[in-house]
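# Observations on the model geometry
Residue strings, one per chain:
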Amino acid sequence: MKVIVTGASGGIGRGIATVLAGDGCAVGALARSGDKLESLRDEISAAGGTCHTSTVDLRSQNETASGIAALAEALGGVDALINNAGLVILKNALDIGLDEWHAMVETNLNGLFYATRAVLPGMTENGSGHIVNISSISGYYPLGGGSGYAATKYAVTGFSESLFQEVREHGIKVTTVFPGSVDSDSHRHRGDDGSWKVKPEEVGQAILDLLKTDAGNCISRLEIRPLSRPPKS
Ligand SMILES: NC(=O)c1ccc[n+]([C@@H]2O[C@H](COP(=O)([O-])OP(=O)(O)OC[C@H]3O[C@@H](n4cnc5c(N)ncnc54)[C@H](OP(=O)(O)O)[C@@H]3O)[C@@H](O)[C@H]2O)c1
């Protein structure tokens, strides 16, 4: 299977890319940090897998379209797109800067839309494909102190679940993923080593499983949560 993973340079995206490549998927890894993508490619290649990389800022529609086209060419097609890249800035509506608000909307919502639009024509033509959108628990449950982030994730949920209605009859699956607490750098907090959280590779394993469902059905929603609670501060 040929899979593009956005935000593959670190955190959950890197975990997803590593697990998929380890299962034999050819991976197209996309993010802004070329050096981190190279290290992912080296790691996957050393383990005998296939990884192509594209350095792209998803906030630019042109960059996204050409980066995805280059990955599709290198892979020889795209069977699945994992829209994982995201930016989290946890601030009240009163405190968040306009530039921070726009950066989250442009990355979490616009970037996800640009990437989706870049693969949809090919998938529609093939009559098959799978788009996996990483939302969040904050994509259906309010997050005081993070209203801007929650707004973008509610938007991802609305887009993703509506997209499923638009493309299912073209043979294209859409899954919305709702992670709880996952141990990535951007979600580390002082005094918390993150060991109680879901590991990025565990999200990767769950996504691998849902990519393997039969052609006639789709896991349209997936929620993944740690069993443990955060340590008491
Ligand atoms: N960790 C959690 O507990 C958690 C919970 C629920 C949902 N999520 C969601 O899961 C996704 C991944 O989160 P994470 O915790 O793994 O975050 P992370 O560690 O900060 O990783 C974010 C990834 O997105 C990429 N990215 C950010 N802005 C980009 C841009 N403009 N263009 C291209 N790539 C960009 C980053 O790469 P570059 O910096 O190299 O571009 C990085 O690879 C996000 O959508 C997040 O909202 C996370």
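Computed from a predicted structure; not experimentally measured.

Further remarks concern the overall build of the protein. Helix and strand content of the protein: 6 helices and 7 strands. Sequence-ordered secondary structure for the protein, helices as α and strands as β, is β-α-β-α-β-α-β-α-β-α-β-α-β. Against the globule reference of 17 Å for 233 residues, the protein gives a C-alpha radius of gyration of 17 Å, in line with a compact fold. Overall size of the protein, expressed as C-alpha extent along the three principal axes, is 50 × 40 × 35 Å. The buried share of the protein, taken over its 233 residues, is 47%. For the protein, the exposed surface amounts to about 11400 Å²; the carbon and sulfur share of it is 49%.

For the rest of this paragraph, the subject is the sheet that holds strand 3 (residues 50-55). Strand order across the open sheet formed by 7 strands is 3-2-1-4-5-6-7, with parallel pairing between neighbours. Here the strands that pair on one side only, and so sit at the sheet edges, are strand 3 and strand 7 (221-224). Sheet twist, expressed as the average angle between the axes of neighbouring strands with direction ignored, equals 15°. Summarising the sheet, strand 4 (residues 80-83) and strand 5 (residues 129-134) pair through 4 bridges and their orientation is parallel. Bridge pairing links Ile82 to Val132 in strand 5. The sheet contacts of helix 1 (residues 11-22) involve strand 1 (2-6), strand 2 (26-31) and strand 4, and relative to strand 1 the element is tilted by about 165°. Here helix 6 (residues 200-211) sits on the sheet in contact with strand 1, strand 4, strand 5, strand 6 (172-179) and strand 7, set at roughly 150° to strand 5.

Close to the ligand lie 29 residues, the nearest being Ser9, Arg32, Ser33, Tyr149 and Ser184. Arg32 is positioned such that a nitrogen or oxygen atom in its side chain is 2.7 Å from an oxygen atom of the ligand. In this structure, an oxygen atom belonging to the ligand sits 2.4 Å away from a side-chain N or O atom of Ser184. Bound to the protein, the ligand loses 91% of the 880 Å² it would expose on its own. Mapped onto the shell around the ligand, the elements with two or more residues apiece are helix 1 and helix 5 (147-167). Tallied by class, residues from the shell around the ligand come to 10 nonpolar, 15 polar and 4 charged.

Another point: the environment of Asn110. Mapped onto the secondary structure, Asn110 falls in helix 4 (residues 98-126). Taking the C-alpha atoms as reference points, Asn110 and Thr152, separated by 42 residues in sequence, lie 9.5 Å from one another.

Counting buried residues in strand 5 gives 6 out of 6 residues, a clear majority hidden from the surface. Every second residue of strand 5 is oriented toward a common face, with Gly129, Ile131 and Asn133 on one face and His130, Val132 and Ile134 on the other, all of them buried. Crossover strand 4 to strand 5 through helix 4 is right-handed. With 6 bridges joining them, strand 5 and strand 6 adopt parallel strand pairing. The residue bridging Ile134 from the neighbouring strand is Val177, located in strand 6.

Mapped onto the fold, Thr64 is located in helix 3 (residues 61-75). Within the structure, Thr64 has its side chain in polar contact with the backbone oxygen of Ser60 (distance 2.7 Å). If we ignore the near neighbours within four places in the chain, the residues touching Thr64 are Val56, Asp57, Leu58, Tyr114 and Ala115.

Our next topic: the nonpolar core. Core analysis: the biggest nonpolar cluster contains 32 residues, and Val5, Leu20, Ile82 and Leu211 have the highest contact counts within it. Among the secondary structure elements, those contributing two or more residues to this core are strand 1, helix 1, strand 2, helix 2 (34-46), strand 4, strand 5, helix 6 and strand 7. Apart from the residues within four sequence positions on either side, Leu211 is in contact with Met1, Val3, Leu20, Ala80, Ile82, His130 and Val132. Counting 21 residues, the second largest nonpolar core, distinct from the first, contains Val56, Ile68, Leu120 and Ile172.

Scoring rules and cut-offs
- Residues numbered from 1 in each chain as written.
- Predicted model: local features only at pLDDT ≥ 70, side-chain atom pairs only at ≥ 80, totals over all residues.
- Heavy atoms only, no water.
- Helix = DSSP H or I, 4+ residues; strand = E, 2+ residues; numbered from the N terminus.
- Rg over C-alpha atoms; globule rule 2.2 N^0.38 Å.
- Buried < 20%, exposed > 50% of the residue type's maximum accessible area, 1.4 Å probe, protein only.
- Areas by Shrake-Rupley, 256 points an atom, 1.4 Å probe, with all protein chains shown as cover.
- Pairing = 2+ DSSP bridges.
- Axes fitted to C-alpha atoms, helices over the stretch in contact; angles between N-to-C directions.
- Contact = heavy atoms within 4.5 Å.
- Near = heavy atom within 4 Å.
- Polar contact = N/O pair within 3.5 Å; in protein donor to acceptor, adjacent residues only side chain to side chain.
- Nonpolar A, V, L, I, M, F, W, Y, C, P; charged D, E, K, R; others polar.
- Right-handed = clockwise from strand over helix to strand, strands pointing away.
- Core = buried A, V, L, I, M, F, W, Y, C linked by side-chain atoms within 4.5 Å.

In short, the description is geometric, and any link to function would need to be established separately.
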